[in-house]
Amino acid sequence: MRRRGARICPGLGAGLLALGLALGACAEPPPRFTEAMVLGGVEVSVDELNAGAKLYGLHCASCHGFEGKGDGPAARHLNPGPRDLKAGDFVHKSTPGDALPTDADLLRVLREGLPGRGMPAWGGMRDEDLRALVAYIKTLSPRWREPVSDPQRPSAGSE
Ligand code: HEC
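Residues numbered from 1 in each chain as written. Predicted model: local features only at pLDDT ≥ 70, side-chain atom pairs only at ≥ 80, totals over all residues.

Chemist: Could you clarify how one ought to interpret the site of the ligand in this entry?
Modeler: Taken together, 26 residues form the shell around the ligand, and within it Cys60, Cys63, His92, Gly118 and Met119 come nearest. Among the residues making up the shell around the ligand, the classes are represented as 17 nonpolar, six polar and three charged. (Near = placed C-beta within 6 Å. Nonpolar A, V, L, I, M, F, W, Y, C, P; charged D, E, K, R; others polar.)

Structural data, given as structure tokens:
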């Protein structure tokens, strides 16, 4: 009796596995973000965060690493290495000292790249995609979640 049961189950198991694979192959992976976040004092919608996460995985993680630590598979070929976006200490920016960059600073780096330094230019990307990337970069470092007294104005730093 037991044996018969054991013979049926593997068949059933294989069936379920096939179903699972079929579903897995069709289904989109679940979105990374389930709610909006306040980053640098500005609320970013869940859709924008998820769009940014997807683009980052496609275009940026190879160098900057999935967690933003600058340790992507392509990073070892680069000197200087890709910025550790998780640490949140940016250098290509208009703000003083160790202050975080403005959105305009980040957009400029993305659009123009950093010629000769290994950071490609993404000027061909749609504006809304670049903005989603800027929003997503901010989720990588806890620095952007600190309360700010003077939320960034979109125009700040573009002078
Ligand atoms: C081919 C590797 C590579 C890819 C792909 C890449 N980067 Fe970079 N990125 C770098 C390197 C190298 C630097 C550091 C240059 C420096 O220190 O001067 C950098 C710097 C940056 C900076 C500037 C940080 C600062 O210090 O101000 C930002 C922001 C950035 N990358 C975001 C991105 C985003 C977003 C993407 C995806 C659209 C991306 N990068 C794709 C290599 C890469």
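Chemist: How should the nonpolar core be read in this particular structure?
Modeler: Where a protein is soluble and globular, its nonpolar side chains tend to be buried together. Core analysis: the biggest nonpolar cluster contains 22 residues, and Leu106, Leu133, Val134, Ala135, Tyr136 and Ile137 have the highest contact counts within it. Looking at this core, the elements with two or more residues in it are helix H2 (46–59), helix H4 (103–112) and helix H5 (127–140). Among the elements that line this core, the one with the most residues is H5, at seven residues. Excluding residues that lie within four positions of it along the chain, Val134 makes contacts with Asp103, Leu106 and Leu107. (Core = buried A, V, L, I, M, F, W, Y, C linked by C-beta atoms within 7 Å. Buried ≥ 20, exposed ≤ 12 C-beta atoms within 10 Å, placed from the backbone. Helix = DSSP H or I, 4+ residues; strand = E, 2+ residues; numbered from the N terminus. Contact = placed C-beta atoms within 7 Å.)

Chemist: Before we go on, may I ask you to explain the environment of Arg143 in this structure?
Modeler: Tracing the backbone through its elements, the reader meets Arg143 in the segment after H5. A C-alpha to C-alpha distance of 9.0 Å links Arg143 and Asp89, two positions 54 residues apart in sequence. When near neighbours in sequence (up to four residues on either side) are disregarded, Arg143 contacts Gly88 and Leu100.

Chemist: Is there a simple way to explain the environment of Arg83 in this structure?
Modeler: Relative to the helices and strands, Arg83 is located in the loop between helix H3 (61–64) and H4. Taking the C-alpha atoms as reference points, Arg83 and Asp71, 12 residues apart in sequence, are found 9.1 Å from one another.

Chemist: Is there a simple way to explain the packing of H4 against H5 in this structure?
Modeler: The relative placement of two packed helices comes down to the angle between their axes together with the axis-to-axis distance. At their nearest, the axes of H4 and H5 sit 10 Å apart, and the two run at 120° to each other. For the pair H4 and H5, the sense of crossing is right-handed. Residues Asp103, Leu106, Leu107, Leu110 and Arg111 of H4 touch H5, and the partners they reach there are Leu130, Leu133, Val134 and Ile137. Here the residues of the contact of H4 with H5 are counted per class, giving seven nonpolar, no polar and two charged. (Axes fitted to C-alpha atoms, helices over the stretch in contact; angles between N-to-C directions. Left-handed = near helix turned anticlockwise from the far one by under 90°.)

Chemist: Hey, could you run me through the packing of H2 against H5 in this one?
Modeler: The N-to-C vectors of H2 and H5 enclose an angle of 90°; their axes lie 7 Å apart at closest approach. Accordingly, the angle class assigned to the pair H2 and H5 is roughly perpendicular. Contacts from Glu48, Leu49, Ala51, Gly52, Ala53, Leu55 and Tyr56 of H2 reach H5 at Asp129, Ala132, Leu133, Ala135, Tyr136 and Thr139. (Parallel < 35°, antiparallel > 145°, perpendicular 65-115°, else oblique.)

Chemist: Teacher, can you tell me more about H4 here?
Modeler: Residues that lie three or four places apart on an α-helix share one face, since the helix turns once every 3.6 residues. Turning to H4, its buried residues number three or more, namely Asp103, Asp105, Leu106, Leu107, Val109 and Leu110. Those residues of H4 hidden inside the fold are in contact with H5. Backbone geometry just after H4 places Gly113 at a positive phi near 70°.

Chemist: Even after reading the chapter, I still don't get the confidence of the model for the chain, so can you show me in this structure?
Modeler: One rule of thumb: low pLDDT means the predicted coordinates there are not for detailed reading. Considering every residue of the chain, the mean pLDDT works out to 85; 75% of them sit at 70 or more. Per-element confidence in the chain ranges from a low mean pLDDT of 60 for helix H1 (residues 2–26) to a high of 98 for H5. Contacts from residues 154–159, a stretch scored under 50 in pLDDT, to residues over four places away or in other chains number nine contacts. (pLDDT = per-residue confidence, 0-100.)

Chemist: What is the right way to look at H5 in this model?
Modeler: Over its 14 residues, H5 runs 21 Å from end to end, which matches the ideal 20 Å to within 8%, given 1.5 Å per residue. For H5, the elements touching its buried residues are strand S1 (37–39), strand S2 (42–44), H2 and H4. (Expected span 1.5 Å × (residues − 1).)

Chemist: Help me understand unusual backbone geometry in this model?
Modeler: Backbone geometry follows two general trends: most residues other than glycine have a negative phi, and most peptide bonds adopt the trans configuration. For the peptide bond that leads from Asn79 to Pro80, omega is 5°, which places it in the cis range. Structurally, Pro80 can be placed in the loop between H3 and H4.

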